[in-house]
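Coordinate inspection notes
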Amino acid sequence: DKAFWITILAFLPASFVFSAVQQNLGPLADDLAIDGQRAASLMSTLSFSAIVGKLIFGAASDHVDNRYLFWCEAGLIVLSTYVLYLEPGYTGLLMACAILGAAGGGTLPLLGSIIGKRFGARDFGRAMGLLMPFLTTSSFSYVIAAHMRDVSGNYDGSTRHFAKDAWSVSIS
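Rules used throughout
- Residues numbered from 1 in each chain as written.
- Predicted model: local features only at pLDDT ≥ 70, side-chain atom pairs only at ≥ 80, totals over all residues.
- Heavy atoms only, no water.
- Helix = DSSP H or I, 4+ residues; strand = E, 2+ residues; numbered from the N terminus.
- Buried < 20%, exposed > 50% of the residue type's maximum accessible area, 1.4 Å probe, protein only.
- Contact = heavy atoms within 4.5 Å.
- Phe/Tyr/Trp six-rings, centres within 6.5 Å; stacked < 30°, edge-to-face > 60°.
- Lys NZ or Arg CZ within 6 Å of the ring centre and 35° of its normal.
- Patch = residues over 30% accessible without salt bridge, like charges linked within 9 Å, V, L, I, M, F, W, Y side chains within 5 Å.
- Areas by Shrake-Rupley, 256 points an atom, 1.4 Å probe, with all protein chains shown as cover.
- Salt bridge = Lys/Arg side-chain N within 4 Å of Asp/Glu carboxyl O.
- Axes fitted to C-alpha atoms, helices over the stretch in contact; angles between N-to-C directions.
- Parallel < 35°, antiparallel > 145°, perpendicular 65-115°, else oblique.
- Left-handed = near helix turned anticlockwise from the far one by under 90°.
- Expected span 1.5 Å × (residues − 1).

Further remarks concern the overall build of the protein. Across its full length, the protein holds seven helices and zero strands. For the protein, the α and β elements follow one another from N to C terminus as α-α-α-α-α-α-α. Residues classed as buried in the protein amount to 45% of the 172 residues present. Within the protein, residue pairs in contact and separated by at least 24 positions form 77% of the contacts whose partners lie at least 6 positions apart.

In structure tokens:
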């Protein structure tokens, strides 16, 4: 049904960006001459803010229209990819990780709420089960981003591509 496909298309860019950044954070930090300990703090920031994002988006999805929460999530992802695109050094990368972590962490609670409200309790499991294989394809985005970096020497192309996709889905 149409709502099912719209949900997939809406959440794929967020999943692609989160996976690509999460898996390439170490090499990106290395490219920016950030030492290993500070690179580890970037991953910790991404992970901690994902926990916070899960809690906030999960609680908010009970009280706020999911469309507004989706726009908030999409806006945070676009903002984080823009900051990453600027290659701001450690402080900016730390900020991008915090923003992206919160947005990426909020994805599953928000998705669960949307599926529950659109398809009801009776069809929730089936809808989530059918949706997950599509979202799992985002786990390959880190390979694409790494390949683009290997070919071009930087992550600019992948950042532009993911930011463009996130923006185009969020405005449609």
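And the narrative resumes.
What follows is about the packing of aromatic side chains. One pair of aromatic rings is described through two measures. These are the centre distance and the angle between the planes. Applying the stated criterion across every chain yields a total of four aromatic pairs. Here the aromatic rings of Phe4 and Trp5 are separated by 5.3 Å at their centres, their planes lie at 85 degrees, and the arrangement is edge-to-face. Here Trp5 falls in the partly exposed class, since its relative accessible area comes to 45%. Here Phe4 and Phe134 contribute two aromatic rings whose centre-to-centre distance is 6.3 Å and whose plane-to-plane angle is 75 degrees, an arrangement assigned as edge-to-face. Here the residue Phe4 occupies a position in helix H1 (residues 2-31), and Phe134 occupies one in helix H5 (residues 107-136), the gap between them amounting to 130 residues. Judged by relative accessible area, which is 10%, Phe4 ranks as buried. By relative accessible area, Phe134 is classed as partly exposed at 32%. Here the basic side chain of Arg38 rests over the ring of Tyr90, its NZ or CZ set 3.8 Å away from the ring centre.

Looking now at the environment of Ser61. Position of Ser61 relative to the elements: it lies in the loop between helix H2 (36-60) and helix H3 (66-85). Exposure remark for Ser61: the relative accessible area of 4% places this residue in the buried category. For Ser61 and Leu111, which are 50 residues apart along the polypeptide, the C-alpha to C-alpha distance reads 9.5 Å. Setting aside its immediate chain neighbours within four residues, Ser61 contacts Asn66, Leu69, Pro109, Ser113 and Lys117.

Judged by side-chain polarity, Phe48, Val52 and Ile56 come together as a nonpolar surface patch covering roughly 290 Å² of accessible area. Tracing the backbone shows Val52 in helix H2. Owing to a relative accessible area of 30%, Val52 belongs among the partly exposed residues under this scheme.

So, on to the environment of Leu79. Here Leu79 lies in helix H3. A C-alpha to C-alpha distance of 7.9 Å links Leu79 and Ala96, two positions 17 residues apart in sequence.

The next thing to look at is the packing of H2 against helix H4 (residues 90-105). Interaxial distance between H2 and H4 falls to 6 Å at its minimum, and their mutual angle equals 30 degrees. Between H2 and H4, the interaxial angle falls into the category roughly parallel. Here H2 and H4 pass one another in a crossing that is right-handed. For the pair H2 and H4, contact is made by Arg38, Ser41, Leu42, Thr45, Leu46, Ser49, Ala50, Gly53, Lys54 and Phe57 and by Tyr90, Leu93, Leu94, Cys97, Ala98, Leu100, Gly101, Ala102 and Gly105, respectively.

For H4, built from 16 residues, the straight-helix expectation of 22 Å at 1.5 Å per residue is met to within 8% by its first-to-last C-alpha distance of 22 Å. Within H4, twelve of the 16 residues are buried, which leaves the element mostly enclosed by the surrounding structure. Contacts from the buried residues of H4 go to H1, H2, H3 and H5.

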